[in-house]
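# Residue-level structure breakdown
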Amino acid sequence: MEKLVIALGGNALQEGKGPATAEAQLAVVEKTSEYIANILQSGYQVVLAHGNGPQVGRIVLQNESSVDITPAMPFDVCGAMSQGMIGYHMQQGLSKALRARGIDTPVATIVTQVVVDKHDKAFENPTKPIGPFYSEADAKRLQEEKGYSVKEDAGRGWRRVVASPQPVEIVELPVVKAMIDNGFVVITVGGGGIPVIRNENGDLEGTAAVIDKDLASERLSEDIDADALLILTAVEQVCLNYGKPNEQRLSHITVADCERYIDEKHFAPGSMLPKIQAAMKFASSKEGRRAIITSLDKAVDALAGKAGTVITL
């Protein structure tokens, strides 16, 4: 049985212009779960990872808005809250879809910490926007009062920015492995994992950062010795000259091809680029491993080689 890590993008958890309610999210997750159940029914051993951008942003906004009533939680705690909320919905949605197929595989979420290097150069230049928009005056006040890093965001206002360091170690990996070995569908490294650093005593401390969920999924895939990494996004295939008249869809590319296309600036930072980088890293990690980038509705076809973009060594 092939072991497969599936990295779910934001569109698998929330419709772009749909309401941001818990009920709406659960409805989207239930639709997503039908596709995941189809993959499980096809005979794959599945481990799930997911993003949390909109969700953790709203949790931060809720915290900031109610600060006069109750203390705001730090960003790492907000990340943990989002993991629990999204995992809960995914457990409900996938369990329901599996029961409808007569499959009794248990589904469980691990609230997952991921160690980052406190000397990672990303901490020197925070770039990842989180939370609400502020006026310049309010942003500068927060910078002075709370030590936040703030930047102007594309003419829309000022926002807090945090670092996006590389994932180094998945803290709960032994638990994840034990649950996989005992037949669970495990949901882990949600939102890239809760970023933590090791202090001088070797103890873990949360830090304000965002780990890219595709890179965390790649780290997970290597650590559990997965056969394939399936990165789900909004497009069916990776493209060159995306959105232009000379757009070219790619069905199978090598790591060397990816390096050339990156040099040619085909992939947007913060969008397709980290997915390509995660796919390259996994495909390069061991002979025979493959990464696939495709859309949720084409996932089953992509695993059969009929859709998507496959990246190999």
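As a reminder, the structure under discussion sits directly above these lines.
None of the values given here were measured: they were computed from a predicted structure. (Residues numbered from 1 in each chain as written. Predicted model: local features only at pLDDT ≥ 70, side-chain atom pairs only at ≥ 80, totals over all residues. Heavy atoms only, no water.)

Within strand 7 (residues 158–162), five of the five residues are buried, which leaves the element mostly enclosed by the surrounding structure. Here strand 7 shows no split at all, with Trp158, Arg160 and Val162 on one side and Arg159 and Val161 on the other all buried. In this sheet, strand 7 lies alongside strand 5 (residues 128–134) in antiparallel orientation, the contact comprising four bridges. Across the sheet, Tyr134 pairs through a bridge with Trp158, a residue of strand 7. In this sheet, strand 7 lies alongside strand 6 (residues 149–152) in antiparallel orientation, the contact comprising four bridges. In the strand pairing of strand 7, Val150 is matched with Arg160. As consecutive antiparallel partners, strand 6 and strand 7 are separated by five residues, and within that stretch Ala154 has a phi angle of approximately 50°, a positive value. (Buried < 20%, exposed > 50% of the residue type's maximum accessible area, 1.4 Å probe, protein only. Helix = DSSP H or I, 4+ residues; strand = E, 2+ residues; numbered from the N terminus. Pairing = 2+ DSSP bridges.)

Under the definition given, this model contains 19 salt bridges. For Arg260, the salt bridge is made with Asp257, and the minimal N-O distance between the two is 3.5 Å. Remark: Asp257 and Arg260 occur in helix 7 (residues 255–263); sequence separation between them is three residues, near one turn of the helix. Taking the relative accessible area as the measure of exposure, Asp257 reaches 18% and is therefore buried. The structure contains a network of salt bridges with shared partners spanning Glu218, Arg219, Glu222, Asp223 and Lys281. (Salt bridge = Lys/Arg side-chain N within 4 Å of Asp/Glu carboxyl O.)

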